[in-house]
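# Structural overview for review
Here is how the chains run, residue by residue.
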Amino acid sequence: MAKISLIVNGNPVNANVDPRTLLVQFLRENLRLTGTHVGCDTSQCGACVVHLDGKAVKSCTTLAVMADGHEVKTIEGLAPDGAPLHPMQEAFREHHGLQCGFCTPGMIMTAVDLVNRKGHDLADHVIREELEGNLCRCTGYQNIVTSIAAGAKAMAKSA
């Protein structure tokens, strides 16, 4: 077992984990943060995206021990219970950027990272290129792209 200490959604976490435990397993099974989904286990679908020290990572191919000493934010950490939705979450709701919702947490976490890296005025082609590591099997992506563009502008207003 390996002892890890990290901050998850602003809360300190200490745990003993098998060194082979994936971050997504740790979040879902140990911490019961089930908003982070397991879609493919091969880092191709993006359903498992979380932020590690503010940068988007795929938690299905990141070991929990790699997060030792770092900060992790999951979809649950974007808008704590009782708080208003994060502007990107609200944009997905308002612009119908989801259908079944399975890919949505990863899409939103990727979108927030995209805005943090590229700014608040995003062209559709930039959004589409940046989403290449996130798959949705339900939509044609247009509402997702629209949602991200609107969320990016809303994030500028809330900053």
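Residues numbered from 1 in each chain as written. Predicted model: local features only at pLDDT ≥ 70, side-chain atom pairs only at ≥ 80, totals over all residues. Heavy atoms only, no water.

The name given to the chain in an unreviewed UniProt entry is Carbon monoxide dehydrogenase, and the organism recorded there is Bradyrhizobium retamae.

## Side note on the sheet that holds strand β3 (residues 49–52)
Paired through their backbone hydrogen bonds, the strands of a sheet run either parallel or antiparallel. Spatial strand order, β2-β1-β5-β3-β4: five strands in an open sheet with mixed pairing. The open sheet has two free edges, formed respectively by β2 (11–17) and β4 (55–58), since each of these has just one partner strand. Between one strand axis and the next, the sheet turns through 40° on average, direction left out of account. With four bridges joining them, β3 and β4 adopt antiparallel strand pairing. (Pairing = 2+ DSSP bridges. Helix = DSSP H or I, 4+ residues; strand = E, 2+ residues; numbered from the N terminus. Axes fitted to C-alpha atoms, helices over the stretch in contact; angles between N-to-C directions.)

## Some points on the packing of helix α4 (residues 104–118) against helix α6 (residues 142–158)
Two elements in contact, α4 and α6, have axes separated by 10 Å at closest approach and are oriented at 50°. When the axes of α4 and α6 are compared, the pair comes out oblique. In this structure, α4 meets α6 at a crossing whose hand is right-handed. Between α4 and α6, the contacting residues are M107, A111, V112, L114, V115 and N116 on the first element and I144, I148, A152 and M155 on the second. Across the contact of α4 with α6, the residue classes break down as nine nonpolar, one polar and no charged. (Parallel < 35°, antiparallel > 145°, perpendicular 65-115°, else oblique. Left-handed = near helix turned anticlockwise from the far one by under 90°. Contact = heavy atoms within 4.5 Å. Nonpolar A, V, L, I, M, F, W, Y, C, P; charged D, E, K, R; others polar.)

## Focus: the domain arrangement of the chain
Taken domain by domain, the chain holds domain 1 (2–77) and domain 2 (87–158). Here the C-alpha centre of domain 2 lies 21 Å away from the C-alpha centre of domain 1. Across the boundary between the two partners, domain 1 contributes 18 residues, which contact 13 residues of domain 2. For the pair domain 1 and domain 2, the number of links is zero salt bridges. Only β3 and β4 provide two or more residues apiece to the side of domain 1 that touches domain 2. Tallied by class, residues from the side of domain 1 that touches domain 2 come to seven nonpolar, eight polar and three charged. (Domains from an automatic or database assignment. Salt bridge = Lys/Arg side-chain N within 4 Å of Asp/Glu carboxyl O.)

## A look at the pairing of β3
Neither face of β3 is exposed, since V49 and H51 on one face and V50 and L52 on the opposite face are all buried. As paired elements, β3 and strand β5 (residues 71–73) share two bridges and run antiparallel to each other. When the sheet's bridge partners are listed, H51 is paired in β5 with K73. (Buried < 20%, exposed > 50% of the residue type's maximum accessible area, 1.4 Å probe, protein only.)

## Observations concerning the pattern of salt bridges
Under the defined criterion, the tally for this structure stands at six salt bridges. R93 is the salt-bridge partner of E90, the closest N and O atoms lying 2.3 Å from each other. Pair noted here: E90 and R93 are both in helix α3 (residues 87–94), with a separation of three residues, about one helical turn. For E90, a relative accessible area of 25% puts it in the partly exposed group. Close ionic contact of R117 with D113 constitutes a salt bridge, the shortest N to O distance being 2.8 Å.

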